Amino acid sequence: MSSSLPDPHGYDSDGDDEELLVSDQEGLSGNTSPVIPDMSPHLVELAPNEFPSYFMERGGRLFHSHRTSPYPLPADTPEQQRLNVTHAALSRLIGANYVGPVPDLLAPVPDRQKLVLDLCTGTGKWVMDMAREFPHALFRGFDIVPIATRYPPHNVQFEVHDVNSPYRWRTSSIDFVHARSVSMAVRDYPAVLQEVARILRPDGLFLSCEWGRHSAFHPAFNLDPEVHAPAACHFFEVLGKALDTCRGIQPIASRVPSFLRNSGCFKNIESRCFYMPIGPWHAEPEMKLLGRAFRASLLRYADSVKPLLLEAGWSEEEVLQIIGAYIHELKTVHGMVGVMHTVHARRL
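Looking at an unreviewed UniProt entry, one finds the chain named Methyltransferase domain containing protein, with Lyophyllum shimeji as its source organism.

Here is the structure:
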């Protein structure tokens, strides 16, 4: 994999996990590959002076300024670092940047190039890694803010668009649609699936990857989070209420398979869960490394949701107590995991 995680050598289990969130500068400088021209009349390249218009500052953090998107988290450098580290850790946990029959689906054919679309692409790390792995395919990624590189490889193009609005691609024109961690940007997931189904070719692939917003232990531990990680349970309960009250966002990670079935547009629906360790409790060195990196990303995540909790009406003192107790458990309770729910399906 081209993404890498920081080397933990020299850190003990109680070290500062924030030090693992090292900024990856790939795509910010040094890459001047041209963008493939897109002949769509709806696509316009942003000028450098237009970029600030997509952001607003609030409480010392930088957020998107889109008028209708519900996405609540910042879009600044600390949050981009978190997204990049989480991407790298997840790729190593799964052993690839995807699950499902992606290599077969993207195998070259003589009559056309395969086309892949990444929803809510963020920093574009998934797109960039996939474009290197499948250089014969074309990759497109969109988000409400332009935080991906402006100088991607020849087979990549990034765009600014809201996932909740109709997409510019023609019906039955996309081979593979990827949607990872889009739940905080979407109020009506079934409606998004209808648009995904519209643009997918018959037998095209859809892949969803969503983190469960709840406290969990690895199944091997057989522990009840309510008993052994009550602060983490309370954190996610408060976060869930804030997302619902302020943004109308519901948890969807475990519901995607039923959404796909109910849509009437998909077949061969297959789901699987992956368990990412939180902290270096795992016996295997590789999993220790991933656990350190993922815990670092969760510490940053806890800071990123502070403005939302304040917006929901909790006092600053209450928010600090809720997050502080959660962080304490992240650093002291062994066996905790993040649960990644993956689902892939083919278009009817």
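S.K.: Teacher, can you tell me more about the overall build of the chain here?
M.R.: Assigned secondary structure in the chain consists of 10 helices and nine strands. The buried share among the 348 residues of the chain stands at 55%. In the chain, the proportion of contacts linking residues at least 24 apart, taken out of those at least 6 apart, comes to 75%. Looking at the chain as shown, the accessible area adds up to about 15,700 Å², and 53% of this sits on carbon and sulfur atoms.

S.K.: Please clarify how the sheet that holds strand β8 (residues 266–277) should be interpreted in this entry.
M.R.: Paired through backbone hydrogen bonds, the strands of a sheet run either parallel or antiparallel to each other. In spatial order, the strands read β5-β4-β3-β6-β7-β9-β8; together these seven strands make up an open sheet with mixed pairing. In this open sheet, the two edge strands, each paired with only one partner strand, are β5 (156–160) and β8. For this sheet, the mean angle separating the axes of adjacent strands, direction not counted, is 15°. In this structure, strand β4 (residues 138–143) lies alongside β5, joined through five bridges in parallel fashion. Across the sheet, Gly141 pairs through a bridge with Phe158, a residue of β5. Packing against the sheet, helix α4 (residues 189–199) makes contact with β3 (115–119), β6 (174–180), β7 (200–211), β8 and β9 (337–347), and its axis sits at approximately 145° to β7. In this fold helix α7 (residues 256–263) packs onto β7, β8 and β9, with an angle of close to 170° to the strand it touches most, β8.

S.K.: I'm lost on the pairing of β6 in this one. Help?
M.R.: Where a strand is regular, its side chains alternate between the two sheet faces. Counting buried positions along β6 gives seven out of seven residues, so the element sits mostly inside the fold. Two strands pair when backbone bridges link them, and β3 and β6 are joined in this way by four bridges, in the parallel orientation. Along β6, the bridge assignment pairs Leu119 with Ala179. Pairing of β6 with β7, which is carried by six bridges, proceeds in the parallel orientation. Across the sheet, Val177 pairs through a bridge with Phe206, a residue of β7. You can see the chain leave β6, run along α4 and come back into β7, and the turn it takes is right-handed.

S.K.: Please clarify how the packing of helix α6 (residues 230–247) against helix α10 (residues 316–332) should be interpreted in this entry.
M.R.: With their axes 8 Å apart at the nearest point, α6 and α10 run at an angle of 135° to one another. Here α6 lies oblique to α10, going by the angle between them. Like other packed secondary-structure pairs, α6 and α10 cross with a definite hand, here left-handed. Counting all contacts with α6, which are made through Pro230, Ala231, Ala232, His234, Phe235, Phe236 and Val238, the residues of α10 involved are Ile322, Ile323, Ala325, Tyr326 and Glu329.

S.K.: Help me understand the pattern of salt bridges, please; the structure alone is not making it clear to me.
M.R.: Any two side chains of opposite charge can pair, on the condition that their charged atoms come close. One pass over the full model with this rule turns up 14 salt bridges. The closest approach of N and O atoms between Glu311 and Arg247, which form a salt bridge, is 2.8 Å. Highlighted residues: Glu311 in helix α9 (residues 306–311) and Arg247 in helix α6, separated in sequence by 64 residues. For Glu311, a relative accessible area of 40% puts it in the partly exposed group. For Asp303, the salt bridge is made with Lys306, and the minimal N-O distance between the two is 3.2 Å.

Rules used in this analysis
- Residues numbered from 1 in each chain as written.
- Predicted model: local features only at pLDDT ≥ 70, side-chain atom pairs only at ≥ 80, totals over all residues.
- Heavy atoms only, no water.
- Helix = DSSP H or I, 4+ residues; strand = E, 2+ residues; numbered from the N terminus.
- Buried < 20%, exposed > 50% of the residue type's maximum accessible area, 1.4 Å probe, protein only.
- Contact = heavy atoms within 4.5 Å.
- Areas by Shrake-Rupley, 256 points an atom, 1.4 Å probe, with all protein chains shown as cover.
- Pairing = 2+ DSSP bridges.
- Axes fitted to C-alpha atoms, helices over the stretch in contact; angles between N-to-C directions.
- Right-handed = clockwise from strand over helix to strand, strands pointing away.
- Parallel < 35°, antiparallel > 145°, perpendicular 65-115°, else oblique.
- Left-handed = near helix turned anticlockwise from the far one by under 90°.
- Salt bridge = Lys/Arg side-chain N within 4 Å of Asp/Glu carboxyl O.

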